Amino acid sequence: MSPRYEFQVLLHRIGRWWAVDIPRLDLHSQCRTLESVEDLARGLVAEAVGVPPDVIVLDLLVPELAPVLGSVAEARRRRAAAVAAESQAIAAAVHELVDKLHVSQGDAGRLLGMCPSEVARFTPPRGSSPAGPPGQLTPLPASGPPRPATTPALPSRPGPARRPRQATSPARPSWAIPDDDTERRA
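Residues numbered from 1 in each chain as written. Predicted model: local features only at pLDDT ≥ 70, side-chain atom pairs only at ≥ 80, totals over all residues. Heavy atoms only, no water.

Novice: Break down the overall build of the chain for me, with residues and values.
Specialist: Across its full length, the chain carries 5 helices and 4 strands. Listing the helices and strands of the chain from first to last along the sequence gives β-β-β-α-β-α-α-α-α. In the chain, which comprises 186 residues, the share counted as buried stands at 20%. At a minimum sequence separation of 6, the contacts of the chain that also span at least 24 residues come to 38%. For the chain, the exposed surface amounts to about 13,600 Å²; the carbon and sulfur share of it is 57%. (Helix = DSSP H or I, 4+ residues; strand = E, 2+ residues; numbered from the N terminus. Buried < 20%, exposed > 50% of the residue type's maximum accessible area, 1.4 Å probe, protein only. Contact = heavy atoms within 4.5 Å. Areas by Shrake-Rupley, 256 points an atom, 1.4 Å probe, with all protein chains shown as cover.)

In structure tokens form, the structure reads like this:
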């Protein structure tokens, strides 16, 4: 692995321009858009240090906008932690349901509000051993942002009309809601 060079870049708005300061190397420049800041700063650092631009890691900061951007960064950090916690909870539930209680992946998916292929991501292939310690399943990385769980639609069949389904949250399958009002009275 090649060495990485990390530099902090401070940005300040001056009229319609962005001032670009790299304090560690005492470099200063300016550019019109934020889109061009990274290329400009990377080029300045590469020339000053004499290394290829692809080994340079930049930490872009806009100090005067920190109060505005800080809450967004904190919310994103909390969301990432929640997604990781959800993945761990799903992996634990799938392990318990499929491996210990011998519930099918299809039924586990119904119980968890997921399709069977999503449940399969949390189970090791037959005949292989789990990557981590015994009993711990590691989910495959999700491609893209998390999406609400859905249940595949069943084809319609001839016969008596079905009662319309009640709206439910994605955390609870529609079939798990009791038909009577016992839950509402509790």
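Novice: Tell me what's going on with unusual backbone geometry, and back it up with residues and numbers.
Specialist: A positive phi angle, close to 55 degrees, is found at D26, a residue other than glycine. On the secondary structure map, D26 appears in the loop between strand 2 (17-22) and strand 3 (27-31). Phi at H102 is positive, roughly 55 degrees, even though this residue is not glycine.

Novice: Please provide a residue-by-residue account of helix 2 (residues 66-100), values included.
Specialist: Relative to the 51 Å expected for 35 residues at 1.5 Å per residue, helix 2 spans 49 Å between its end C-alpha atoms, a close match to the ideal helical length. Each element contacted by the buried residues of helix 2 is listed here: helix 3 (105-112) and helix 4 (116-120). Once helix 2 ends, the next one or two residues include H102, with phi positive near 55 degrees. (Expected span 1.5 Å × (residues − 1).)

Novice: Outline the packing of aromatic side chains, listing residues and values.
Specialist: One pass over the full model with this rule turns up 0 aromatic pairs. Here the guanidinium or amino end of R24 rests over the ring plane of F7, the centre of that ring lying 4.2 Å away. (Phe/Tyr/Trp six-rings, centres within 6.5 Å; stacked < 30°, edge-to-face > 60°. Lys NZ or Arg CZ within 6 Å of the ring centre and 35° of its normal.)

Novice: Any details on the sheet that holds strand 4 (residues 56-61)? Residues and values, ideally.
Specialist: Strand order in this open sheet of 4 strands is 3-2-1-4, and the pairing throughout is mixed. Each edge of the sheet is formed by a strand with only one pairing partner; in this case those strands are strand 3 and strand 4. Direction aside, the axes of adjacent strands within the sheet are offset by 25 degrees on average. Strand direction decides the pairing type here: strand 1 (residues 5-14) and strand 2, joined by 5 bridges, are antiparallel. Counted as the bridge partner of L11 is V20 from strand 2. The strands touched by helix 1 (residues 37-49) within the sheet are strand 1, strand 2, strand 3 and strand 4, with strand 4 carrying the most contacts at an inclination of about 130 degrees. (Pairing = 2+ DSSP bridges. Axes fitted to C-alpha atoms, helices over the stretch in contact; angles between N-to-C directions.)

Novice: Account for a nonpolar patch on the surface, with residues named and values stated.
Specialist: Nonpolar side chains collect at one region of the surface, where L65, V68 and L69 lie side by side and expose about 250 Å² of accessible area between them. Its location among the elements puts L69 in helix 2. (Patch = residues over 30% accessible without salt bridge, like charges linked within 9 Å, V, L, I, M, F, W, Y side chains within 5 Å. Salt bridge = Lys/Arg side-chain N within 4 Å of Asp/Glu carboxyl O.)

Novice: Quick rundown of the environment of H95? Include the residues and the values.
Specialist: Position of H95 relative to the elements: it lies in helix 2. Owing to a relative accessible area of 14%, H95 belongs among the buried residues under this scheme.

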